[in-house]
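Residue strings, one per chain:
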Amino acid sequence: MRVLPLDDDAATLEVAGGKGASLARLARAGLPVPAGFHVTTDAYREFVAPFHDRILDALDEPSVIAGLFAEHEMPRESAEAIREAYEALGDDVPVAVRSSATAEDLPDMSFAGQQDTYLDIRGDALLDAVKRCWASLWTERAIAYRARNDVPHDQVALAVVVQELVAADAAGVVFTANPVTGARDEIVVNAAWGLGEAVVGGQVTPDTLVVKDGVVTEERVADKTVMTVRTGSGTREEPVPEERRRLPVLDRPQAVRLAALATDIERLYGTPMDIEWALRDGRPYILQARPVTGLQQEVEEWNDSRDSGYLWTAGNLGEAIPDVMTPATWSFVQIFIREAMSASTLPGFDLVGNIGGRFYMNLSATVSVAKALGMGSRLSAVEQVFGKFPTGLDIPLLKTSRWKIIKLTLPMAVRIRKRVRDNLAAMPAFLATARQRNEDLRAAIQSAGSGAELADLWERELLPYFVTACGMLEAAGRQGGATLVWTRDKLRTMMGEVDAEAMLTGVNADGSELASLGPIIGLDRLAKGEITREEFALAHGHRGPHEFEVSRPRPGEDPTWIDTQLAGLSTARADTGALLARQAAARDAAWARFAQRYPGKERAMRARVARWNAVVRDRETTRSEVIRAFWALRAFVIRAGELTGHGDDLFFLPVEEILAVLRGAEPARIAVRRATYERYAALPPYPTLIVGPFDPVRWAASPDRRADLYDARGRAYEVADAVTGFPGAPGVVEGVARVLAGPEDGERLQQGEILVTTLTNIGWTPMFPRAAAVVTDMGAPLSHASIVARELGIPAVVGTGNATMRIKDGDRVRVDGERGTVEVLPS
């Protein structure tokens, strides 16, 4: 048969090609497909039979093949059958003439766009259009596509689908799975004015609507500059009238109806589909449907910035949580925030967020609360905690009234004050038993013999222990009020930067240990034989660069970890004790100058500084115990995986779902969440500051991306040539810059070099004795780098925002920790 009706059962892949077979299937199912017919592969083979061998001999010369098609007449029987089928459609009906190859619209290869389509064809022009479709099987593009996909040239044939042309008011494409994220529960509708060729060909950016569960969840109206229109003898592109360019092509009910139609088509085929549609006088038509090819593993979107116009920062706590978080970790961090940072849980507002799997804090909320409470003039204190803001940054505020903020904040402040008071009273007893309690809990976790037993242990012991540890950290951080900020500012005013920083050191001086220094002091003692390896691992094995992420092994779980740390310590310019002794001498000299300059004020100031030291020490000690609790949380997830047989898959479930699995439920969406985690983890670290909606994937793909700031409002901020930041610890030093991406590169840092990196946390501490100075993009005077560098007397400049952008590995630089400047010296 040379011609078949559109819905004929005989219109198979071999006879009608991929597109034709699909349209026949749609028509037989009663879906709204324009009327038409197939010109079969039998007609094609009959036409090319006299010169088929010459085609195969001329594969390197497509123009020769085109000439062969042009010079041969279509057989009379085929021509008559085509004319008869066309006349049955009506009088001078405009039609679409579409190629349909036998290797087309397959589940693994679509061949989309490889052969030609002709629109608005009438009368005698139809036969020529069919011949041109046949010839398009042998264009250079089509030949190359088949070669790349190992499709034999001698086995392909081409059918042609002829259908009434829908004089579309609008047209586009529907994907029954999100082609960007892979989400199978999202239908993506693209729509533009006129015929659909401008959308399919990429000449216009269409509107995009996302439909989920019968509801439009996203809508982006594009500026649609061109449209495809009929001319009477074909089509052309013409400008969209100005008044229609930014209007939505579809209303939401229309998008939902198209999504429902697409769902019917997916159900018919049993696989996600790519569907071309047209709309005429409000009635939808299906022009073709093919399986979505190359659909990536479905992923989720973890993005709390998407629906906000707020300012988010990765500073402060984000420095301690530098990694993309697994779902298990994020669920534990949310508990941590609720219990340790209850002031960050203002009802109705997200004061912390997960952006592309990374931890961010909402500075718009912090600044809004400060202004509502009349502390707008003290915003420099915010910078001392979170880092500097770029010059000219307009911080967006919460979209609510001052009085609502006050109404929400004051009762919460009263509750927090009482809780802090109670926890401060309980803190000594908690700290006295915390380490042993953790060891006992980890042993109990390992001894749990069933999922139900482990779930019960979580509710009865592990969760209360974790909540208590978090509450202690909150109390420690709040016990001094503004002590951490105002004491430093007062001393700097009275004594200048160098002496002020020296006077603030000595947290270890009274025999108590600063937890941030614990690992290097412990290593020093271990190297001298004062403690055993086991004692060191028990005391410090929970601390590391990725200590919040429960899917990562703790350093204490790695048998080679201690040897690696000792090897690094052996190359240091001085042992930790010597560095601390040198800083103690500087501290004593600074106090002597203070006593001479301010007679009678030394006692009061020493008491104030002692208060500073106690707050810093308690904050660091309780933070260490929270991290020790995270070791127990890791043990809990590992044991849950062992008991249920799901292994490390459970790291990709939040704790609520882990508990459900322990009680017999089947885990859900693990593959999706693992793929989401891996997708985000493959991206570079996101900017320190983010304003408004942020797409990590698009940002990472941009050649103009910046590591310091992203502003969705489109405002431009110059990247300063000078590298300046907070004076972290005073002193001037010159040396070779060693730019490190992460602590895993620490062996590259040689003795006496200057450590330059994005951020540091306690996992970097063992490198500090080797460094002549420390420079970071992120950070503030109260950050890890500042505190540790200050105690060790190592010059530091933190929170520069641009150090890793301006300083190249191997540059010679001068670091001035008093003025907060870093200068790249001539080579």
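Remember, predicted model here, so these are calculated numbers, not experimental data.

*Asks:* Help me understand the packing of aromatic side chains in this model?
*Replies:* By the definition in use, this model includes 19 aromatic pairs. Between F336 and F548 the ring centres are 5.6 Å apart and the planes differ by 65 degrees, which places this aromatic pair in the edge-to-face class. Here the residue F336 occupies a position in helix 12 (residues 327-340), and F548 occupies one in the loop between helix 19 (533-540) and helix 20 (561-570), the gap between them amounting to 212 residues. Judged by centre distance (5.0 Å) and plane angle (65 degrees), the ring pair of F548 and F630 falls under edge-to-face. In this pair, F548 sits in the loop between helix 19 and helix 20 while F630 sits in helix 22 (residues 602-644), placing the two residues 82 residues apart along the sequence. Judged on exposure class, the residue F548 and its partner F630 are both buried. The structure contains a cluster of three or more aromatic residues connected by ring pairs, namely Y44, F47, F51, F69 and W134. The ring of W138 has R146 sitting right over it, with the charged end atom 4.8 Å from the ring centre. Residue placement shows R442 over the ring face of W631; its charged tip is 4.0 Å from the ring centre.

*Asks:* It is not clear to me how the confidence of the model for the protein chain should be interpreted in this structure. Could you clarify?
*Replies:* The predicted coordinates should not be examined in detail at positions where pLDDT is low. When the pLDDT values of the protein chain are averaged, the result is 88; 95% of them are 70 or greater. pLDDT under 50 marks residues 105-113. Its contacts with residues more than four places away, or in other chains, come to 30 contacts.

*Asks:* Teacher, can you tell me more about the packing of helix 18 (residues 518-527) against helix 21 (residues 576-597) here?
*Replies:* Between two packed helices, both the angle of their axes relative to each other and the distance between the axes serve to describe the pair. Taken N-terminus to C-terminus, the directions of helix 18 and helix 21 make an angle of 120 degrees; their axes are 9 Å apart at the nearest point. In terms of orientation, helix 18 lies oblique with respect to helix 21. Of helix 21, the residues touching helix 18 (which contributes I520, I521 and D524) are T576, G577 and L580. Broken down by class, the residue content of the contact of helix 18 with helix 21 amounts to three nonpolar, two polar and one charged.

*Asks:* It is not clear to me how a nonpolar patch on the surface should be interpreted in this structure. Could you clarify?
*Replies:* Judged by side-chain polarity, L373, M375 and L410 come together as a nonpolar surface patch covering roughly 230 Å² of accessible area. Mapping L410 onto the fold places it in helix 15 (residues 402-447).

*Asks:* Even after reading the chapter, I still don't get unusual backbone geometry, so can you show me in this structure?
*Replies:* The phi torsion of most residues other than glycine is negative, and most of the peptide bonds are trans. Unusually for a residue other than glycine, D213 sits at a positive phi of about 55 degrees. Turning to its location among the elements, D213 is positioned in the loop between strand 8 (207-212) and strand 9 (215-220). Among the residues examined, D213 registers a relative accessible area of 71% and is labelled exposed.

*Asks:* I'm lost on the pattern of salt bridges in this one. Help?
*Replies:* A side chain with one charge can pair with a side chain of the opposite charge if their charged atoms come near. Tallying each qualifying case throughout the model produces 63 salt bridges. Here R141 makes a salt bridge to D116, at a shortest N to O gap of 3.5 Å. Taken together, the residues R141 in helix 7 (residues 140-148) and D116 in the loop between strand 3 (95-101) and strand 4 (117-121) connect sequence positions 25 residues apart. Between D816 and R819 there is a salt bridge; the shortest N-O distance is 2.8 Å. Residue classification places D816 among the buried positions, given a relative accessible area of 10%. Look at the salt bridges and you will find they share partners, linking E298, E300, E657, R669 and R673 into a network.

*Asks:* Looking at this structure, I do not really get the sheet that holds strand 8. What am I missing?
*Replies:* Strand pairing in a sheet relies on backbone hydrogen bonds. The paired strands run either parallel or antiparallel. Pairing within the open sheet is antiparallel, and its six strands lie in the order 9-8-7-6-12-13. One side of each edge strand has no neighbouring strand; the edge strands of this open sheet are strand 9 and strand 13 (283-291). Averaged over all pairs of adjacent strands, the angle between strand axes in this sheet comes to 20 degrees, irrespective of strand direction. The sheet contact formed by strand 6 (residues 170-175) and strand 7 (residues 187-193) spans six bridges and is antiparallel. Looking at the pairing, A171 lines up with A192 of strand 7. Helix 10 (residues 252-269) rests against strand 6, strand 7, strand 8, strand 9, strand 12 (273-280) and strand 13 of the sheet, and its axis sits at about 140 degrees to strand 12.

*Asks:* Got a minute to help me understand helix 7 in this structure?
*Replies:* Residues spaced three or four apart along an α-helix point in a common direction, a consequence of the helix completing one turn every 3.6 residues. Those residues of helix 7 lying buried are A142, I143, Y145 and R146. Here the buried residues of helix 7 occupy an arc of 160 degrees about the axis, which is enough to place them on one side. For helix 7, exposure combined with an orientation more than 90 degrees from the buried face picks out E140 and R148. Considering only its buried residues, helix 7 is in contact with helix 4 (62-71). The positive-phi residue at the C-terminal boundary of helix 7 is D150, with phi of around 55 degrees.

*Asks:* Looking at this structure, how should I read the packing of helix 16 (residues 451-478) against helix 22?
*Replies:* Look at helix 16 against helix 22: their axes get within 8 Å of each other, and the N-to-C directions meet at 165 degrees. With respect to each other, helix 16 and helix 22 are oriented roughly antiparallel. When you trace helix 16 past helix 22, the crossing you get is left-handed.

*Asks:* Please explain the environment of A780 as it appears in this structure.
*Replies:* Mapped onto the secondary structure, A780 falls in the loop between strand 23 (773-776) and helix 26 (784-792). For A780, a relative accessible area of 0% translates into the label buried. Spatially, the C-alpha atom of A780 lies 7.8 Å from that of N316, the residues being 464 residues apart in sequence.

*Asks:* Is there a simple way to think about the environment of R593 in this case?
*Replies:* Inspection of the secondary structure assignment puts R593 in helix 21. Considered as a pair, R593 and T293 are 300 residues apart in the sequence and their alpha carbons are 75 Å apart. Discounting residues that sit within four places of it in the chain, R593 has contacts with M495 and D499. Only 2.8 Å separates the side chain of R593 from the side chain of D499, close enough to count as a polar contact.

*Asks:* Help me understand the pairing of strand 15 (residues 352-355) in this model?
*Replies:* Along any regular strand, the residues point their side chains to alternate faces of the sheet. Residue alternation in strand 15 divides its side chains into two sets, V352 and N354 and G353 and I355, and both sets are buried. With four bridges connecting them, strand 15 and strand 16 (residues 358-362) associate as antiparallel partners. The partner of G353 across the bridge, within strand 16, is Y360. The hairpin turn running from strand 15 into strand 16, its antiparallel successor, is two residues long, and G356 in that turn takes a positive phi close to 60 degrees.

*Asks:* Looking at this structure, how should I read the side chain of N802?
*Replies:* Mapped onto the elements, N802 comes out in the loop between strand 24 (796-798) and helix 27 (803-806). For N802, a relative accessible area of 4% gives the class buried. A distance of 3.1 Å separates a polar atom in the side chain of N802 from the backbone oxygen of A722. Excluding residues that lie within four positions of it along the chain, N802 makes contacts with V719, A720, A722, V723, T724 and D777.

Conventions adopted
- Residues numbered from 1 in each chain as written.
- Predicted model: local features only at pLDDT ≥ 70, side-chain atom pairs only at ≥ 80, totals over all residues.
- Heavy atoms only, no water.
- Phe/Tyr/Trp six-rings, centres within 6.5 Å; stacked < 30°, edge-to-face > 60°.
- Helix = DSSP H or I, 4+ residues; strand = E, 2+ residues; numbered from the N terminus.
- Buried < 20%, exposed > 50% of the residue type's maximum accessible area, 1.4 Å probe, protein only.
- Lys NZ or Arg CZ within 6 Å of the ring centre and 35° of its normal.
- pLDDT = per-residue confidence, 0-100.
- Contact = heavy atoms within 4.5 Å.
- Axes fitted to C-alpha atoms, helices over the stretch in contact; angles between N-to-C directions.
- Parallel < 35°, antiparallel > 145°, perpendicular 65-115°, else oblique.
- Nonpolar A, V, L, I, M, F, W, Y, C, P; charged D, E, K, R; others polar.
- Patch = residues over 30% accessible without salt bridge, like charges linked within 9 Å, V, L, I, M, F, W, Y side chains within 5 Å.
- Areas by Shrake-Rupley, 256 points an atom, 1.4 Å probe, with all protein chains shown as cover.
- Salt bridge = Lys/Arg side-chain N within 4 Å of Asp/Glu carboxyl O.
- Pairing = 2+ DSSP bridges.
- Arc of directions from axis to C-beta.
- Left-handed = near helix turned anticlockwise from the far one by under 90°.
- Polar contact = N/O pair within 3.5 Å; in protein donor to acceptor, adjacent residues only side chain to side chain.

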